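Commentary on secondary and tertiary structure
Spelled out from the first residue to the last, the chains are:
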Amino acid sequence: MTDIKSLTREELAGRFAEWREPAYRVDQVLAWLYQRRVATWDAMTNLSKALREKLRAEFSLTTLELVRKQGARDTTQKFLWKLHDGSFVESVLIPANPDLYGERADRHTLCVSTQVGCAYGCKFCASGLDGWKRNLGVEEIVDQILAVERWNVSQSSELRISSSELAQPETQNPKPETSPARTETRFIDNLVIMGMGEPLANYEALIKALRILNAPWGYGIGARKITISTSGLAPKIRQLADEPLQFRLAISLHGATDEVREKIMPVNRKFPLKELTAACEYYQKRKGKMITLEYILIEGVNDGLGQTKPLAQLAKKLNAKVNLIPYNKVEDLPWTRPSEEVQEAFLAALEKLESTATLRREKGHDIDAACGQLRLKTERELAGAS
C-alpha cells in the first residue's frame, strides 16, 4: 500500500479528482500531514468519516517508532527509529553553537539517513559494518523530520501554555484552514542529508522526499537550507547539478590525495579525485554556490600537515570551504581522533594557506555519535538477547 507521505500534491490531487472530491480537500489533508504532523487518519477531524475511511483503505500512514534516544552534554540528540519492517535508522539533531554571553542559539539542524546500512564501505564508518540492507522510501526520509517535530511538541507542550491560551483555550481537535497557511512553526531550521547510507545512491527517493519537504504545501523548508552529502558519486553530482532546486552540496572528502583517500574510501577507486573534482566544478558552475568539503581527522591517517596544501588547493579550485571534524570513535574499529593540538595545527595550516575552514568542536562525542553506531549497538544487543 502506498504511503500518503510519498505523494506530491499533484499525485494526491489526481486521486481526489478520480474520487470526485473537491480540490480544497487536498489542501486540508496536506495541512494535517505537514503542518499539524498528525500520525492517524482519525486526527483529521475536518474530513468526513467517509473520506477518512477511503483514505485509510487506499493509503498507509506509517510513522517512525522512536526506540532509543541519546543526548549529549552540548544538547546534541541522537534518535534511533524502528521502521515498519523492523529495520533501524538514525537521525541526529544538532543545535547551533551558543550565542555570545552563553545564550543558546535557537537554530537546529537535523542530520537525516537515506539507507539502512551502506554499500560503500568507508573504513572508518559504522554505517556499513553490517553491509547494505535497503534504500529508505520517500515517506521514511520525510518522516524523520516530522517525527522529530512531533517529539519536540511532546517535550515542550507544557511550556507552551500561556495565560492567553488559558483565557481562550483551543478546541481539543483544532482544524486547519482549507488553505495551507501554517498553523505550526518549524523546530528544525536546516537539513543535512549525511546520516546512514550514501544519499546519491538512493537518488530518486531522496529528490522526491526533498521536493515534498521544500514545497509550500509540504514542510516548507527552503532548498538553500538543505545540504546533500556524498562520498563522491561523480555522475550523480552532475545529475544533482541539473536539478532546478538550489540544494547545497557537501563532499565527504577525508583525504586530499588519491593515495590517502583510497586507504579509507573504496569509492575513490571508481571515482578518483580528478573525476570527482570535475563533477564538483560542473556543480559549482551550474549552481554558483559554495561547496563544503567534509574532512574527518583520523589520527595517523589523514591528519598530517602534508595534507593541508593539496586540501587548500582543492578548496580554492572549487570555491569550497573545509569543515574539519575530529573522528568519533566507533566500537570494533581501530581509528582514533588526533589530539586537540594536532587538530588546531591542521586548522591553522589551512588558514595560513588562505582557506576558509572551520573545526567542529564537540558535537556529540559523548554519545554514540558516529553514523550507524547506535543502530549497530542496538541490533547486536537484540541479537544477543534472542
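Worth saying up front: this structure is predicted, and the values here are computed from it rather than measured.

**Describing the nonpolar core**
Leu 55, Leu 191 and Leu 293 are the most contacted members of the largest nonpolar core, which has 104 residues in total. Once residues within four sequence positions are removed from consideration, Leu 293 is found in contact with Ile 251, Leu 253, Leu 311, Leu 314, Ala 315, Leu 318, Ala 320, Lys 321, Val 322 and Asn 323. Listed in part, the five residues of the second largest apolar core include Val 92, Cys 111, Met 194 and Ala 250.

**Here's the deal with the confidence of the model for the protein chain**
When pLDDT is averaged across the protein chain, the result is 88; 84% of the residues are at 70 or more. Note on residues 99-103: pLDDT under 50 across the span, and three contacts to partners over four residues away in sequence or across chains.

**Quick look at the pattern of salt bridges**
Inspection of the entire model under this criterion finds 17 salt bridges. For Glu 21, the salt bridge identified is with Lys 54, shortest N-O distance 3.9 Å. Of this pair, Glu 21 sits in the loop between helix H1 (9-18) and helix H2 (24-34) while Lys 54 is found in helix H3 (residues 49-58), placing the two residues 33 residues apart along the sequence. Glu 21 sits in the partly exposed class, given a relative accessible area of 22%. Close ionic contact of Arg 56 with Glu 53 constitutes a salt bridge, the shortest N to O distance being 3.0 Å. Separated by three residues within a single helix, Arg 56 and Glu 53 lie in helix H3, roughly one turn from each other. Note on Glu 53: relative accessible area 37%, which makes it partly exposed. Ionic contacts of the salt-bridge type, sharing partners, join the residues Asp 3, Lys 5, Asp 143 and Arg 150 into one network.

**Remarks on the pairing of strand S8 (residues 226-230)**
Burial of S8 is extensive: five of the five residues sit out of reach of the surface. A crossover links strand S7 (residues 190-193) with its parallel partner S8, the connecting element being helix H6 (residues 203-214), and its sense is right-handed. Bridge count for S8 against strand S9 (residues 248-252) is four bridges, and the pairing is parallel. Bridging from a neighbouring strand, Ile 228 pairs with Leu 249 of S9. Crossover connection from S8 via helix H7 (residues 234-241) to parallel S9: handedness right-handed.

So, how was this worked out
Residues numbered from 1 in each chain as written. Predicted model: local features only at pLDDT ≥ 70, side-chain atom pairs only at ≥ 80, totals over all residues. Heavy atoms only, no water. Core = buried A, V, L, I, M, F, W, Y, C linked by side-chain atoms within 4.5 Å. Buried < 20%, exposed > 50% of the residue type's maximum accessible area, 1.4 Å probe, protein only. Contact = heavy atoms within 4.5 Å. pLDDT = per-residue confidence, 0-100. Salt bridge = Lys/Arg side-chain N within 4 Å of Asp/Glu carboxyl O. Helix = DSSP H or I, 4+ residues; strand = E, 2+ residues; numbered from the N terminus. Right-handed = clockwise from strand over helix to strand, strands pointing away. Pairing = 2+ DSSP bridges.

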